[in-house]
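Survey of secondary and tertiary structure
Below, each chain spelled out in residue letters.
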Amino acid sequence: MAFTYNRRSNESVQRRAEGSGRDFEGFLRSEVKLYKPRDGDNYIRFLPPTWDNADHYGLEIYVHYQVGVDEGAVLCLDKMGKDRCPVCEARVIASKQGDEDTADALRPVKRIVSYLLDMKESDRDRKPQAWAYGPTVDTMFCKAGMDRHTKEALAVDDPIKGYNLSFDRRGQGLKVKYENASFDQKSSSVPDEDLDFLLDFPLDQMLRWRDYEAVAELFEGTRRRRRDDDRRETRDRDDARGRDRDRGDDRRETRSSRDDRRDNDRRDDRERGRGRD
């Protein structure tokens with residue numbers, strides 16, 4: 001039987017290179033591929049919304065980042081109108097205690113999440129992806145899609161006569177900047193299979209909802225680990241003190257034994273002296 005080589009897709013190799021095995025506790029279901037803008041030039045196509053009463057190709061969400069020991073990202077139950085949020089409750093407590101750094105780290109962050117196509121990928125590897133970006137970036141994209149003079153908006157997400165978007169990404173971490181956003185002058189269409197994906201995996205149904213208990217369990221992982229570490233340190237200190245006490249007792253017992261032998265030797269010497277007398 002002849003050997004057949006099955007080439008891996010660029011998507012598969014890139015996913016492993018980035019360590020994205022989806023063990024990360026995120027706010028989207030695992031069926032959704034996440035888009036990561038490149039340094040420098042990016043070229044994308046926003047896909048149309050499929051949820052009811054949509055007035056934008058992006059869905060507004062609120063997210064708590066760096067939650068728990070795995071620094072996951074969870075939807076804010078309070079801001080999303082679902083339930084009480086344990087992270088927000090902890091934020092209120094931190095604020096009342098004057099710990100503003102912790103309170104700021106626990107705040108929910110507004111994001112716009114959209115389906116898009118990465119037009120820099122090959123036709124073979126190009127699949128719909130989700131990208132969660134900030135309101136400032138969203139405003140820049142919306143302005144780029146409007147005529148400056150007539151204020152008429154382009155139907156940039158129209159699957160038949162929409163427009164691809166170019167933008168630049170500069171910097172790292174907190175200093176990342178998005179700039180030079182512009183839509184193509186010529187319209188283009190989206191492949192039918194990508195539109196089928198939108199119907200099979202509607203973005204509003206791909207949000208990963210957790211109930212209060214699940215969010216609390218994930219969030220408490222950080223404090224639970226700290227408490228466990230504190231308990232271990234306390235036990236270690238107690239064990240060390242116990243060993244010191246044991247060594248001290250051993251030394252006292254040794255000294256006592258030496259003193260007893262010394263006293264016995266002196267008594268024996270005195271008895272022998274009396275015998276000679």
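It should be emphasised that the depicted structure is a prediction, and the values quoted were computed from it without experimental measurement.

**Quick notes on the pattern of salt bridges**
As enumerated under the stated definition, the model contains 11 salt bridges in all. Arginine 29 serves as the salt-bridge partner of glutamate 31, at 2.8 Å between the closest nitrogen and oxygen. Residue glutamate 31 is classed as partly exposed on the basis of its relative accessible area of 37%. In this structure, aspartate 168 engages arginine 170 in a salt bridge whose closest nitrogen and oxygen atoms are separated by 3.5 Å. Overall, aspartate 168 belongs to the buried group, its relative accessible area being 11%. Judged by its relative accessible area of 40%, arginine 170 falls in the partly exposed class.

**A few points about helix α5 (residues 192–200)**
Within α5 the residues assigned to the buried category are Asp194, Phe197 and Leu198. Along the axis of α5, the buried residues cluster in a sector spanning 100°; they form a single face. Looking at α5, the residues exposed on the side facing more than 90 degrees away from the buried face are Asp192, Glu193, Leu199 and Asp200. Buried residues along α5 sit in contact with β4 (109–118).

**Quick notes on helix α4 (residues 135–144)**
The complete set of buried residues in α4 reads Val137, Asp138 and Phe141. Seen along its axis, α4 keeps its buried residues to an arc of 100°; they face one direction. Exposed and facing more than 90 degrees away from the buried side of α4 are Thr136 and Lys143. Buried residues along α4 sit against β1 (40–46), β4, β5 (129–133), β6 (165–170) and β7 (177–183).

**Comments concerning the environment of valine 32**
With respect to the secondary-structure elements, valine 32 resides in the loop between α1 (10–17) and β1. Owing to a relative accessible area of 2%, valine 32 belongs among the buried residues under this scheme. Each C-alpha atom, one on valine 32 and one on glutamine 129, is 6.5 Å from the other, the two residues being 97 residues apart in sequence.

**As for the nonpolar core**
Ranked by size, the top nonpolar core spans 20 residues in total, and within it Phe27, Leu28, Ile61, Val113 and Tyr115 carry the most contacts. When residues of this core are traced back to their parent elements, those giving at least two are β2 (58–67), β3 (72–75), β4 and α5. Phenylalanine 27 has contacts with Ile61, Val63, Tyr65, Ala73, Val74, Leu75, Ala132, Met206, Leu207 and Arg208, leaving out every residue within four places of it along the chain.

**Considering the pairing of β6**
Both β1 and β6 contribute to a ladder of 5 bridges, which runs antiparallel. For aspartate 41, the partnering residue across the bridge sits in β6 and is aspartate 168. Strand direction decides the pairing type here: β6 and β7, joined by 5 bridges, are antiparallel. Bridging from a neighbouring strand, leucine 165 pairs with phenylalanine 183 of β7. The antiparallel hairpin formed by β6 and β7 contains 6 residues in its connecting segment, where glycine 171 sits at a positive phi of about 85°.

**With respect to the confidence of the model for the protein chain**
Averaged over every residue, the pLDDT of the protein chain is 84; the share at 70 or more is 71%. Here residues 19–23 scores under 50 on pLDDT; set against residues more than four positions off or in separate chains, the count is 6 contacts.

**Things to note about the pairing of β2**
Note: β2 against β4, 6 bridges, orientation antiparallel. Paired with leucine 59 across the strands is valine 113, a residue of β4. Note: β2 against β3, 3 bridges, orientation antiparallel. Each bridged residue has a counterpart across the sheet, and for valine 67 the counterpart in β3 is glycine 72. Here β2 folds back onto β3, and the loop between the two strands holds 4 residues, one of which, glycine 68, carries a positive phi near 80°.

Rules used throughout
- Residues numbered from 1 in each chain as written.
- Predicted model: local features only at pLDDT ≥ 70, side-chain atom pairs only at ≥ 80, totals over all residues.
- Heavy atoms only, no water.
- Salt bridge = Lys/Arg side-chain N within 4 Å of Asp/Glu carboxyl O.
- Buried < 20%, exposed > 50% of the residue type's maximum accessible area, 1.4 Å probe, protein only.
- Helix = DSSP H or I, 4+ residues; strand = E, 2+ residues; numbered from the N terminus.
- Arc of directions from axis to C-beta.
- Contact = heavy atoms within 4.5 Å.
- Core = buried A, V, L, I, M, F, W, Y, C linked by side-chain atoms within 4.5 Å.
- Pairing = 2+ DSSP bridges.
- pLDDT = per-residue confidence, 0-100.

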